Protein chains: 2
Amino acid sequence: MKYINHEELLKMEPQYRVQVINSLSGFKSANLIGTRDENNINNLAIFSSVFHLGASPALVGFISRPDSVDRHTLRNIQQIGQFTINQVNADFWQAAHQTSARYSDGECEFKQTGLTPHFIDNSDAPFVKESQLKYALKLNEIVPIRLNNTLLVIGEITDILCDKAAIKADGYIDIESLNTVMVSGLDSYHTSKRLSRLSYAKPGILPTKISLDGKS
Amino acid sequence: MKYINHEELLKMEPQYRVQVINSLSGFKSANLIGTRDENNINNLAIFSSVFHLGASPALVGFISRPDSVDRHTLRNIQQIGQFTINQVNADFWQAAHQTSARYSDGECEFKQTGLTPHFIDNSDAPFVKESQLKYALKLNEIVPIRLNNTLLVIGEITDILCDKAAIKADGYIDIESLNTVMVSGLDSYHTSKRLSRLSYAKPGILPTKISLDGKS
């Protein structure tokens with residue numbers, strides 16, 4: 001095992017350090033966030049920081065860095081109050097990565113990457129047609145993280161679109177069957193291989209493997 | 001595609017809804033958080049909400065639900081100001097899941113699950129010996145999320161322990177080679193299969209696959 005102490009961590013060359021630190025949190029979800037500005041120009045950007053915040057109310061959060069390419073996403077969400085989150089799958093992971101290029105304000109990432117915008121009646125924000133699991137959110141709160149000037153953007157889920165076959169009897173969605181991808185570090189993409197679902201853990205009894213439908 | 005509108009979402013049976021909503025954010029990292037209380041009793045709990053917050057300073061966050069099994073972790077971090085995060089791998093994923101059982105205060109999850117505590121000089125919090133990538137943190141800030149009474153716990157990374165062979169030339173850590181696992185929904189565990197690392201995205205040029213060492 002290599003041991004890196006605090007002094008060594010602080011002395012690392014900045015780009016090396018960014019790679020190391022981005023690898024530590026483990027695998028990250030890969031999601032495209034779709035927004036629209038006041039002039040109806042669509043925006044699309046990949047985020048690896050989307051995370052579950054709660055089921056009731058149904059809340060999802062992500063971290064925005066106001067000085068990076070994220071800035072159009074943040075501004076649009078602040079202006080329109082709505083956004084979509086679209087799981088990236090193995091059919092368009094390279095196009096999804098390309099949305100992280102620093103396009104200028106008038107350039108639409110959908111057009112630049114070949115992805116297809118798709119709308120539903122209840123949301124002004126564009127979905128990604130190619131995504132097999134996606135949902136619309138309304139902005140609920142933006143929490144400033146003062147330690148590093150990032151923002152935690154929290155949305156409430158209003159509408160869900162999902163490939164029907166992936167939704168199992170107990171509500172679990174088999175995102176592996178949708179070829180949903182994940183990220184490690186800054187730029188490595190992966191598909192998944194299931195070990196198993198496990199039964200609810202209780203003291204004194206080891207968990208057992210359960211079926212995809214949630215049955216023992 | 002199945003379309004679920006807001007009314008249908010609100011009417012879902014609570015346990016079904018928890019499964020659906022927990023599937024939406026995509027794959028989640030699987031990490032064990034190690035803490036110690038004032039009486040030197042070790043605690044270990046699995047979290048699927050650990051996420052990267054920034055590289056400089058090196059910050060990691062996770063979400064704690066004060067009324068759940070997380071409560072011992074939260075209390076210990078508040079008391080001692082230190083914790084460890086240990087990536088779960090395919091050699092001990094079932095033991096890691098078992099730490100989510102509601103053990104009482106005096107019961108040590110290390111003893112109950114067969115995992116091995118390991119200490120370094122600079123931290124009072126226990127590492128998981130079986131983990132191949134782990135780090136110590138000092139508590140930096142606890143940000144209340146008022147929308148659902150959860151807490152965002154933010155730590156600064158002080159010390160890293162990692163299998164040496166997994167650290168590549170540019171700092172990227174090949175967590176796939178460590179058999180690091182991820183979670184989907186509440187209880188499904190997966191290993192990964194790499195598609196590729198991709199070059200840094202720039203407007204007008206499609207990203208290309210790069211080597212594990214970050215070379216074109």
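Residues numbered from 1 in each chain as written. Chains lettered and ligands numbered in written order. Predicted model: local features only at pLDDT ≥ 70, side-chain atom pairs only at ≥ 80, totals over all residues. Heavy atoms only, no water.

This part covers the interface of chain B and chain A. Contact with chain B, which involves 105 residues of that partner, is made by 105 residues of chain A. Buried surface at the junction of chain B and chain A, both sides included, amounts to about 9,200 Å², of which 63% is carbon and sulfur. Area buried by chain B at its contact with chain A is led by Met 1, Leu 24 and Phe 27 of chain B, which between them contribute 8% of it. Scanning the region where chain B abuts chain A turns up two salt bridges. Counting the contacts that link chain B with chain A gives 58 residue pairs in polar contact (both at pLDDT 80 or more). (Contact = heavy atoms within 4.5 Å. Buried area = accessible area lost by both parts, 1.4 Å probe. Salt bridge = Lys/Arg side-chain N within 4 Å of Asp/Glu carboxyl O. Polar contact = N/O pair within 3.5 Å; in protein donor to acceptor, adjacent residues only side chain to side chain.)

Attention now moves to the relation of the copies chain B and chain A. Overlay of chain B on chain A (RMSD 0.0 Å): rotation 180 degrees, translation along the axis 0.0 Å. As the rotation angle and translation indicate, the two copies are arranged about a two-fold axis. Among all residues of chain B, the minimum C-alpha distance to the rotation axis is found for Ser 192 of chain B, at 2.2 Å. Both copies present the same face, since 100% of the interface residues in chain B are matched by interface residues at the equivalent positions in chain A. (Least-squares fit on C-alpha atoms with pLDDT ≥ 70 in both.)

By the burial criterion, the buried members of helix α2 (residues 14-24) of chain A are Arg 17, Gln 19, Val 20, Ile 21, Asn 22, Ser 23 and Leu 24 of chain A. Phi for Gly 26 of chain A, located one or two positions after α2 of chain A, is positive at around 95 degrees. (Buried < 20%, exposed > 50% of the residue type's maximum accessible area, 1.4 Å probe, protein only. Helix = DSSP H or I, 4+ residues; strand = E, 2+ residues; numbered from the N terminus.)

Let us now look at the environment of Ala 96 of chain A. Residues and elements named next belong to chain A. Inspection of the secondary structure puts Ala 96 in helix α4 (residues 93-98). Here the alpha-carbon distance between Ala 96 and Leu 186, two residues 90 residues apart in the chain, equals 13 Å. Not counting residues up to four positions away in its chain, the partners in contact with Ala 96 are Leu 32, Ile 46, Val 88 and Leu 115.

Another point: the packing of aromatic side chains. Residues and elements named next belong to chain A. In this structure the tally under the stated criterion is seven aromatic pairs over all chains. With a centroid separation of 5.8 Å and 65 degrees between ring planes, the pair formed by Phe 62 and Phe 83 is classed as edge-to-face. Within this pair, whereas Phe 62 is found in strand β6 (residues 58-64), its partner Phe 83 is found in strand β7 (residues 82-87), the two being separated by 21 residues in sequence. Across this residue pair, the class does not change: Phe 62 and Phe 83 are buried. Seen from their ring centres, Trp 93 and Tyr 189 are 5.6 Å apart, and the 50 degrees between their planes marks the pair as tilted. Linking Trp 93 in helix α4 with Tyr 189 in strand β13 (residues 188-198), this pair joins segments that are 96 residues apart in sequence. According to the relative accessible area criterion, Trp 93 is buried, its value standing at 6%. Note on Tyr 189: relative accessible area 2%, which makes it buried. Here the aromatic residues Phe 47, Phe 62 and Phe 83 are joined through ring pairs into a cluster of three or more. When the ring centre of Tyr 172 is taken as origin, the NZ or CZ atom of Arg 197, which lies over that ring, is 4.4 Å away. (Phe/Tyr/Trp six-rings, centres within 6.5 Å; stacked < 30°, edge-to-face > 60°. Lys NZ or Arg CZ within 6 Å of the ring centre and 35° of its normal.)

Keep in mind that these numbers describe shape and distance, not what the molecule does.
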